[in-house]
Amino acid sequence: MTDKSLFIEEIIINSLKSLLTGRVNELLGETEYSIPPVEFGRSLAGGAAVTPVLRLSICERSEKERIIRLDAYTLTITFTIPEWPGGERNCYAYAASVATALKENPTLGGVTGRAVLTGKKYAPPKCAGTGADWTVVLSLRITVEGGC
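Calculation rules
Residues numbered from 1 in each chain as written. Predicted model: local features only at pLDDT ≥ 70, side-chain atom pairs only at ≥ 80, totals over all residues. Heavy atoms only, no water. Pairing = 2+ DSSP bridges. Helix = DSSP H or I, 4+ residues; strand = E, 2+ residues; numbered from the N terminus. Buried < 20%, exposed > 50% of the residue type's maximum accessible area, 1.4 Å probe, protein only. Contact = heavy atoms within 4.5 Å. Core = buried A, V, L, I, M, F, W, Y, C linked by side-chain atoms within 4.5 Å. Phe/Tyr/Trp six-rings, centres within 6.5 Å; stacked < 30°, edge-to-face > 60°.

J.: So what about the pairing of strand E2 (residues 70-82)? Which residues, and what values?
T.: Taken together, the six bridges between strand E1 (residues 53-58) and E2 define a ladder with antiparallel strand orientation. Its bridge partner lying in E2, Leu-56 is registered against Leu-75. Where E2 and strand E4 (residues 133-145) come together, 13 bridges link them in antiparallel fashion. Paired with Asp-71 across the strands is Val-144, a residue of E4.

See the structure below:
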């Protein structure tokens, strides 16, 4: 997974995508509800799958992190979920599945020092019953050894 031709940011994103389409989808499949899986690279109409948006940025490092050459990143995962059926419940299911998968694999397969879920933000549709979307934004802090 640690291909020398890739930048660390690409490796982090690819590892997270693998976690989402792998273990997170397994956890979603184990629920008693029918929750659309996470997929990337395909556009599926009608809510057959959810494609979250991943945004990565570097964090300000503490003095200790600078001394031990540790880079810190903030990564947000944004899920946009149709209001009906069960949009609110699906928000909670995606958030819980990501949290569980990260607890089971905090190094993203050995790519990072540690990936920790630091925040969850749920946003309902502006007007209920209009078919607008729910949004859940998950914030992660990711550390990587060998920084600048």
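J.: Which residues make up the side chain of Thr-78, and what values go with them?
T.: Mapped onto the elements, Thr-78 comes out in strand E2. Residue Thr-78 is classed as buried on the basis of its relative accessible area of 13%. Other than its neighbours up to four places away in sequence, Thr-78 contacts Pro-52, Val-53, Arg-55, Thr-135, Val-136 and Val-137.

J.: Requested: an account of the environment of Thr-76, with residues and values cited.
T.: If you trace the backbone, Thr-76 turns up in strand E2. Between the C-alpha atoms of Thr-76 and Lys-120, which are 44 residues apart in sequence, the distance is 9.7 Å.

J.: Got a sec to walk through the side chain of Asn-25? Specific residues and values, please.
T.: Position of Asn-25 relative to the elements: it lies in helix H1 (residues 8-29). Leave out the neighbours within four places in its chain, and Asn-25 touches Leu-20, Pro-37 and Val-38.

J.: With reference to specific residues and values, describe the environment of Val-137.
T.: When you line up the elements, Val-137 lands in strand E4. On the basis of relative accessibility, which here comes to 23%, the residue Val-137 falls in the partly exposed class. Taking the C-alpha atoms as reference points, Val-137 and Pro-52, separated by 85 residues in sequence, lie 9.4 Å from one another.

J.: So what's going on with the nonpolar core? Which residues, and what values?
T.: One finds Leu-16, Leu-75, Ile-77 and Phe-79 to be the most contacted residues of the largest nonpolar core, which totals 32 residues. Those elements that provide at least two residues to this core are H1, E2, helix H3 (87-104) and E4. It is H1 that provides the largest number of residues to this core, a total of eight residues. Setting aside its immediate chain neighbours within four residues, Leu-75 contacts Ile-12, Ile-13, Leu-16, Leu-54, Arg-55, Leu-56, Leu-138, Ser-139, Leu-140 and Ile-142.

J.: An account of the packing of aromatic side chains is needed here, citing residue identities and associated values.
T.: Enumeration over the complete set of coordinates arrives at two aromatic pairs. Their ring planes at 15° and their centres at 4.9 Å tell us that Phe-79 and Tyr-94 sit as a pair that is stacked. Taken together, the residues Phe-79 in strand E2 and Tyr-94 in helix H3 connect sequence positions 15 residues apart. Each member of the pair Phe-79 and Tyr-94 is classed as buried. Relative to Tyr-122, the ring of Tyr-92 lies with its centre 4.8 Å away and its plane at 75°, an arrangement referred to as edge-to-face. In this pair, Tyr-92 sits in helix H3 while Tyr-122 sits in strand E3 (residues 114-123), placing the two residues 30 residues apart along the sequence. Looking at Tyr-92, the relative accessible area reads 37%, which means it is partly exposed. For Tyr-122, a relative accessible area of 30% translates into the label partly exposed.

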